[in-house]
Amino acid sequence: MSEPQGALLVGSVNYDDAETTFRTAASVLGGRLRRIPDGEVGRRFHWIMFQPDVLGQAEGIERVGDEPIPFGAGLDARPLRIAEGVDAVTITLPPLGYADAAAESYRVFTRLRDAGVIPGGVRFQVSLPTPVAVVSSFFSGEDRAAIEPVYARTLLAELDAIVAVIPPDELAIQWDVASELGIIERASGYGKLMDAWWSDDPFDGLVSRLAALVDAVPTGVEVGVHLCYGDAGERHFIEPTDAGTLVRFANAVIAASARDLGWLHLPAPLDRDDEAYFAPLAELTPVSELYLGLVHREDGVEGARRRIAAAAAVVPAFGVATECGIGRAPAGSTEGILRTHAEVAAAW
């Protein structure tokens, strides 16, 4: 069995500030990382759950329900709707928060890089959700089709703002793709059926949407895709039978995209250390960097090595990662998770 090479931090890291994330990741993982995220600190700790509070400020969008639904970090998890009589095309959404957070964290990143804490050549990674994720999670009914193009334009404006302040050769953009897998699998995610809102084939619609996002990242900026089966309370919205759907979707997106992926991340569930789960990877279109999310805090190095052995029987080269971000991992477990990456993977 060949040793995996390289590690990817998917996004969120359970630290309170970006500087701690940068310093710890650089110290523990060193030359295994080609890019480092800021850990999605603050209100971004639980992926997109801060977006309802942002979007609810827009004129023409209302919260559903009279009482807030408390969530961590003071967030309100109530869903959203377009106000009665409002045409979605007239809605102007406020800044979504991703560009401001990236600019703030990038200043910390450059200071630490200039001080030698972060090695030169390591890129600053910004993880962004897809419009499908936000629209499917917080809107319902006919509102989804109406608000999707509005949100998509606003999100791409955030991308433009990020690119405007971070040099292309220092930036890496990752598209976080979870809800799409639920729609493809027809999962009952978190209490409701995960379905599409367009009349065309759901799979084709998801492929074209994600390929367009990949192509929206300017040349010179790295772009990667993180596929995921959800992470609410460290549980998936559906347990995949194998990596087949992941491979089918990834292959279709790669074929539909005009530019190459810098990296692709695929999850590996905790209870799957059998070759059968990884067997579909034999059909995966080659990418520059493949990362398998086979590091789990529950079984550490031993479990990671079992899954590495099963995957290595199918795919010749890959790096390691967790299935999803570790921002919601139990307090005190973060450094141990990072050290597991370091123990099972070689540096570049």
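The numbers attached to residues start from 1 for each chain and follow its sequence in the written order. Given that this is a predicted model, residues contribute local features only at a pLDDT of at least 70 and side-chain atom pairs are listed and counted only at 80 or more, while totals for whole chains, interfaces and linings are drawn from all residues. Here the side-chain values reflect all heavy atoms present in the structure, with hydrogen atoms and water set aside.

Here we look at the overall build of the chain
For step 1, the next point in the chain: Scanning the chain from terminus to terminus reveals eleven helices and eleven strands.
For step 2, the next point in the chain: For the chain, the C-alpha radius of gyration of 19 Å lies close to 20 Å, the compact-globule estimate for 348 residues.
For step 3, the next point in the chain: Principal-axis analysis of the C-alpha atoms places the extent of the chain at approximately 60 × 45 × 40 Å.
For step 4, the next point in the chain: Exposure categories follow from relative accessible area, calculated using a 1.4 Å probe and restricted to protein chains: below 20% of the type maximum is buried, above 50% is exposed, and the middle band is partly exposed. Relative to its 348 residues, the chain shows a buried fraction of 57%.
For step 5, the next point in the chain: Counting contacts in the chain only where the partners sit at least 6 residues apart, residues at least 24 apart contribute 77% of the total.
For step 6, the next point in the chain: Here the chain displays about 14,200 Å² of accessible surface, and carbon together with sulfur accounts for 50% of that area.
For step 7, the next point in the chain: In this tally, Lys and Arg are treated as positive and Asp and Glu as negative; His is ignored, and so are the chain termini. The atom standing in for a charge is NZ when the residue is Lys, CZ when it is Arg, CG when it is Asp and CD when it is Glu. Each charge class in the chain was averaged separately, 28 positive and 50 negative side chains, and the resulting centres sit 3 Å apart. Each helix corresponds to a stretch of at least 4 residues labelled H or I by DSSP, and each strand to a stretch of at least 2 residues labelled E; elements are numbered beginning at the N terminus. Computation of the radius of gyration draws on C-alpha atoms, with the globule rule given as 2.2 Å multiplied by the number of residues to the power 0.38. We call two residues in contact whenever any of their non-hydrogen atoms come within 4.5 Å of each other. In these tables, accessible area is a Shrake-Rupley quantity obtained with a 1.4 Å probe, and a residue counts as shielded only by the protein chains included in the view.

Examining helix α7 (residues 202-216)
For step 1, the next point in the chain: Expected span of a helix: the number of residues minus one, times 1.5 Å. Taking 1.5 Å as the rise per residue, α7 with 15 residues should run 21 Å; its terminal C-alpha atoms sit 21 Å apart, in good agreement.
For step 2, the next point in the chain: Looking at the buried positions of α7, the neighbouring elements they touch are α4 (131-138), α5 (143-165), β5 (171-177), α6 (179-185), β8 (222-227) and α8 (244-256).
For step 3, the next point in the chain: A distance of 3.0 Å separates the backbone nitrogen of Phe203 from a side-chain oxygen at the start of α7, and that oxygen is part of Asp201. In the analysis that follows, any N or O atom pair within 3.5 Å is treated as a polar contact, provided that within protein one partner can donate a hydrogen and the other can accept it, and provided that, for residues neighboring in sequence, both atoms belong to side chains.

Focus on the packing of aromatic side chains
For step 1, the next point in the chain: Each Phe, Tyr or Trp ring, with Trp reduced to its six-membered ring, pairs with another whose centre is within 6.5 Å; inter-plane angles below 30 degrees give stacked pairs, above 60 give edge-to-face pairs, and intermediate values give tilted ones. Within the structure shown, the criterion is met by ten aromatic pairs.
For step 2, the next point in the chain: On the numbers, 5.5 Å between centres and 75 degrees between planes, the contact of Phe22 with Phe109 is edge-to-face. With a gap of 87 residues between them, Phe22 in helix α1 (residues 18-29) and Phe109 in helix α3 (residues 98-114) connect regions that are remote in the sequence. Each member of the pair, Phe22 as well as Phe109, carries the same accessibility label: buried.
For step 3, the next point in the chain: Look at Phe50 and Tyr98: their rings are 5.3 Å apart centre to centre, the planes differ by 65 degrees, and that puts the pair in the edge-to-face class. Placement of Phe50 in the loop between β1 (35-37) and α2 (51-55) and of Tyr98 in helix α3 is noted, with a sequence separation of 48 residues between them.
For step 4, the next point in the chain: Members of the aromatic cluster, joined through ring pairs, are Phe22, Tyr106, Phe109 and Phe124.
For step 5, the next point in the chain: Looking at Arg209, its charged tip hangs above the ring of Trp198, at a distance of 3.7 Å from the centre.
For step 6, the next point in the chain: Over the ring of Phe203 we find Arg248; its NZ or CZ atom is 3.7 Å from the centre of that ring. Cation placement over rings: the criterion is NZ of Lys or CZ of Arg within 6 Å of the ring centroid and within 35° of the ring normal.

Things to note about the side chain of Arg32
For step 1, the next point in the chain: Along the chain, Arg32 falls in the loop between α1 and β1.
For step 2, the next point in the chain: It is Glu3 that comes nearest to the buried, bridge-free Arg32 among opposite-charge side chains, at 6.6 Å.
For step 3, the next point in the chain: A polar contact of 2.7 Å, which involves the side chain of Arg32, links it to the backbone oxygen of Ala345.
For step 4, the next point in the chain: Arg32 has contacts with Gly6, Ala7, His341, Ala342, Ala345, Ala346, Ala347 and Trp348, leaving out every residue within four places of it along the chain. Here, a salt bridge means any side-chain nitrogen of Lys or Arg that lies within 4 Å of a carboxyl oxygen of Asp or Glu.

Brief notes about the packing of helix α10 (residues 300-312) against helix α11 (residues 334-344)
For step 1, the next point in the chain: Each axis is a line fitted through C-alpha atoms, taken for helices only over the stretch in contact, and angles between the N-to-C directions span 0 to 180 degrees. Here α10 crosses α11 at 45 degrees, and the two axes come no closer than 9 Å. In terms of their interaxial angle, α10 and α11 are classed as oblique. Considering the relative orientation of α10 and α11, their crossing is right-handed. Of the residues in α11, those touching α10 at Gly300, Val301, Ala304, Arg305 and Ile308 are Thr340, Glu343 and Val344.
For step 2, the next point in the chain: In the contact of α10 with α11, the residues fall into four nonpolar, two polar and two charged. Should an angle fall under 35 degrees it is called roughly parallel, over 145 degrees roughly antiparallel, and 65 to 115 degrees roughly perpendicular, with every other angle called oblique. Left-handed is the label given to a crossing in which the near helix is rotated counterclockwise from the far helix by less than a right angle, and right-handed is the label when the rotation is clockwise. Basically, the charged four are Asp, Glu, Lys and Arg, the nonpolar ten are Ala, Val, Leu, Ile, Met, Phe, Trp, Tyr, Cys and Pro, and anything else, Gly included, counts as polar.

Focus: the packing of α4 against α5
For step 1, the next point in the chain: Put simply, α4 and α5 touch, their axes get as near as 9 Å, and they point 140 degrees apart. Considering their axes alone, α4 and α5 lie oblique with respect to each other. The element α4 and its partner α5 pack so that their crossing is right-handed. Contacts between α4 and α5 involve Pro131, Val132, Val134 and Val135 from the first element and Arg144, Ile147, Glu148, Tyr151, Ala152 and Leu155 from the second.
For step 2, the next point in the chain: Here the residues of the contact of α4 with α5 sort into eight nonpolar, no polar and two charged.

Section: the side chain of Glu323
For step 1, the next point in the chain: Within the secondary structure, Glu323 is located in the loop between β11 (319-322) and α11.
For step 2, the next point in the chain: Despite being buried, Glu323 has no salt bridge partner; Arg307 is the closest side chain of opposite charge, sitting 8.1 Å away.
For step 3, the next point in the chain: If near-sequence neighbours (up to four positions away) are discounted, Glu323 is found in contact with His226, Cys228, His236, His265, Pro267, Ala268, Pro269, Gly293, Val295 and His296.

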